[in-house]
Amino acid sequence: MIFLTLGTQLPFERLVRAVDDWAGARERGAEVFAQIPDPGEGGYVPRHMEWTARLAPEDFTRRCESAQVIVSHAGMGSIITALSLAKPLILMARRSALGEHRNDHQSATAKRFGDRPGLFVAEDTVALEALLDRAESLTGETGAGLLPFAEDRLIGAVRGAILG
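Residues numbered from 1 in each chain as written. Predicted model: local features only at pLDDT ≥ 70, side-chain atom pairs only at ≥ 80, totals over all residues. Heavy atoms only, no water.

Colleague: Is there a simple way to think about the pattern of salt bridges in this case?
Modeller: Oppositely charged side chains can pair when the atoms bearing their charge come close. Scanning the entire structure with this criterion turns up three salt bridges. When the shortest N-O distance is used, the salt bridge between Arg 17 and Glu 13 registers 3.0 Å. You can see Arg 17 and its partner Glu 13 sitting in helix 1 (residues 13-25), four residues apart, about one turn around the helix. The class of Arg 17 is partly exposed, set by a relative accessible area of 36%. Glu 13 gets classed as partly exposed once you look at its relative accessible area, which sits at 37%. A salt bridge links Arg 47 to Asp 21; the nearest nitrogen and oxygen atoms lie 3.8 Å apart. Note that Arg 47 is positioned in the loop between strand 2 (32-35) and strand 3 (50-52) and Asp 21 in helix 1, a separation of 26 residues in sequence. The class of Asp 21 is partly exposed, set by a relative accessible area of 36%. (Salt bridge = Lys/Arg side-chain N within 4 Å of Asp/Glu carboxyl O. Helix = DSSP H or I, 4+ residues; strand = E, 2+ residues; numbered from the N terminus. Buried < 20%, exposed > 50% of the residue type's maximum accessible area, 1.4 Å probe, protein only.)

Colleague: Looking at this model, I keep getting lost on the nonpolar core. Mind explaining?
Modeller: Side chains that are nonpolar tend, in soluble globular proteins, to be buried together. Of all hydrophobic cores here, the largest spans 26 residues; its most connected members are Leu 4, Leu 15, Val 19, Val 71, Ile 90, Leu 128 and Leu 132. Broken down by secondary-structure element, the contributors of at least two residues to this core are strand 1 (2-5), helix 1, strand 2, strand 4 (69-73), strand 5 (89-92), helix 5 (125-133) and helix 6 (135-138). With six residues, helix 1 is the largest single contributor of residues to this core. With near-sequence residues (within four places) excluded, Leu 128 lies in contact with Leu 15, Ala 18, Val 19, Val 71, Ile 90, Met 92 and Ala 122. One finds Cys 64, Ala 67, Ile 79 and Leu 119 within the second-largest nonpolar core, a separate group that totals 13 residues. (Core = buried A, V, L, I, M, F, W, Y, C linked by side-chain atoms within 4.5 Å. Contact = heavy atoms within 4.5 Å.)

Colleague: What is the right way to look at the environment of Val 121 in this model?
Modeller: Along the chain, the position of Val 121 falls in strand 6 (residues 119-121). In the structure, Val 121 is positioned 32 residues away from Leu 89 in sequence and 8.4 Å away in space, judged by C-alpha atoms. Residues within four places of Val 121 in sequence aside, it is in contact with Leu 91, Ala 110, Gly 114 and Leu 131.

Colleague: Even after reading the chapter, I still don't get the packing of aromatic side chains, so can you show me in this structure?
Modeller: What describes a pair of aromatic rings is the distance from one ring centre to the other and the angle between the planes of the rings. Considering all chains together, one arrives at two aromatic pairs under this definition. With a centroid separation of 5.6 Å and an interplanar angle of 65 degrees, the aromatic rings of Phe 3 and Phe 60 are classed as edge-to-face. Here Phe 3 is found in strand 1, whereas its partner Phe 60 is found in helix 2 (residues 57-66), with 57 residues between them in sequence. Judged by relative accessible area, Phe 60 falls into the partly exposed class, the value being 22%. Members of the aromatic cluster, joined through ring pairs, are Phe 3, Phe 33 and Phe 60. Lying over the aromatic face of Phe 33, Arg 63 brings its terminal NZ or CZ to 3.5 Å of the ring centre. (Phe/Tyr/Trp six-rings, centres within 6.5 Å; stacked < 30°, edge-to-face > 60°. Lys NZ or Arg CZ within 6 Å of the ring centre and 35° of its normal.)

Treat this as a map of the structure, not an account of what it does.
Laid out in structure tokens, this is it:
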């Protein structure tokens, strides 16, 4: 199962429509479940995937744990969740020029974390579809997940700041 999650605050129609179109184009049908903000009147309502606007925390966790791949905006909550579960994550950043956010901090986040094992950044819907087509092969590219301690680079920076 592919799990699309966008949080509950801002719509991201470009990503929802792209995943929904991809799911609808699959001959055998792709199992996709989406947790997306309520599209409201006139917003895009998915036709090829099951979706909900809200999930209870335990349901959200269960969906993440059972997902083959997680697809998300470039929000830190999604990144941390996928890394902590060692799940492959496909990110697409919201873009301010398209009215999807106030600024481009998600692009900076995607650029910063995109080189981590198991994180895949889709710059556009064409790249997203290519990654979704490879979803089954991405499951082996999860990395080690989050470690229970800080990376050496962070420890060194903190040590340097404290000791001068």
